[in-house]
Amino acid sequence: ITTISTNALRIDDGQLTIVGLLLMFECGMRAGELSSLKFSDIHNTVLKDGTIKHYISIQRTEIKVRDENGKWAKIVSDYPKSDAGLRDIIIPDKAVNTVKAIRRLNPFGTYMFEEKGERIKEQAFNRKLHKICKALDINYRSTHKVRRAYSVALYDNCVSDTVITVSLTQLS
């Protein structure tokens, strides 16, 4: 799924949800975390050898709550689903270009994924992935399956179990 879907998710498409899905494939975060990202969550550090490493600090997620009228509303929680969700995700070098593309597509947004001043909700990423799977004539795979494919890719590339666990937390 990773190879097929990454090839189908071209940055030049100009759609922020597609670029968001690409970042999800590259970094393995949850859709609710993705929809809640801010540009201030992107950091870098210089290692002793001069190498620059980029990372995303996961600090919030989208949740569903009842509003004052008793209707369900999707809001951003300033905390992830659990304390284990507070983590830093290393951004692979190729994903740095994806983050730059997101900034070009949304240069003034508070959240990384906004259209017309409104935050793109978690469900929009799921719907877009469904449309892509349909266009590729493959069975639908949820954004959670993207996380699973990401963990398999890490394992296949001999990444340590500790790093995989810290990167994904609570993968089920």
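Right above here is the structure, for reference.
Criteria and cut-off values
Residues numbered from 1 in each chain as written. Predicted model: local features only at pLDDT ≥ 70, side-chain atom pairs only at ≥ 80, totals over all residues. Heavy atoms only, no water. Salt bridge = Lys/Arg side-chain N within 4 Å of Asp/Glu carboxyl O. Buried < 20%, exposed > 50% of the residue type's maximum accessible area, 1.4 Å probe, protein only. Helix = DSSP H or I, 4+ residues; strand = E, 2+ residues; numbered from the N terminus. Axes fitted to C-alpha atoms, helices over the stretch in contact; angles between N-to-C directions. Parallel < 35°, antiparallel > 145°, perpendicular 65-115°, else oblique. Contact = heavy atoms within 4.5 Å. Nonpolar A, V, L, I, M, F, W, Y, C, P; charged D, E, K, R; others polar. Phe/Tyr/Trp six-rings, centres within 6.5 Å; stacked < 30°, edge-to-face > 60°. Lys NZ or Arg CZ within 6 Å of the ring centre and 35° of its normal.

(A) Seen up close, the pattern of salt bridges. Taken as a whole and assessed by the stated rule, the structure comprises 4 salt bridges. Glu 33 is the partner of Arg 30 in a salt bridge, and the nearest nitrogen-oxygen pair spans 2.7 Å. For the pair Arg 30 and Glu 33, a shared accessibility class is recorded, and that class is buried. A salt bridge links Arg 60 to Asp 41, with the nearest nitrogen and oxygen atoms 2.5 Å apart. With Arg 60 in the loop between β2 (52–58) and β3 (61–66) and Asp 41 in the loop between α3 (31–35) and β1 (42–46), this pair connects stretches of sequence that are 19 residues apart. The two residues Arg 60 and Asp 41 agree in class, both being buried. Within this structure, Arg 30, Glu 33 and Arg 87 form a network of salt bridges that share partners.

(B) Broad picture of the packing of helix α2 (residues 16–27) against helix α5 (residues 122–135). Contact geometry of α2 with α5 gives a least axis separation of 9 Å together with a crossing angle of 90°. It follows that α2 is roughly perpendicular to α5 by the angle criterion. Residue-level inspection shows Leu 16, Thr 17, Ile 18, Gly 20, Leu 21 and Phe 25 of α2 in contact with α5, the latter providing Ala 124, Phe 125, Lys 128, Leu 129 and Ile 132. Of the residues contributing to the contact of α2 with α5, the split by class is 8 nonpolar, 2 polar and 1 charged.

(C) Broad picture of the packing of aromatic side chains. Inspection of the entire model under this criterion finds 1 aromatic pair. Look at Phe 113 and Phe 125: their rings are 5.4 Å apart centre to centre, the planes differ by 85°, and that puts the pair in the edge-to-face class. Pair noted here: Phe 113 is in the loop between α4 (93–105) and β6 (114–115) and Phe 125 is in helix α5, with a separation of 12 residues, a long-range link. Take Phe 125: its relative accessible area is 0%, and that puts it in the buried class. The ring of Tyr 111 has Arg 119 lying over it, and the distance from NZ or CZ to the ring centre is 5.9 Å.

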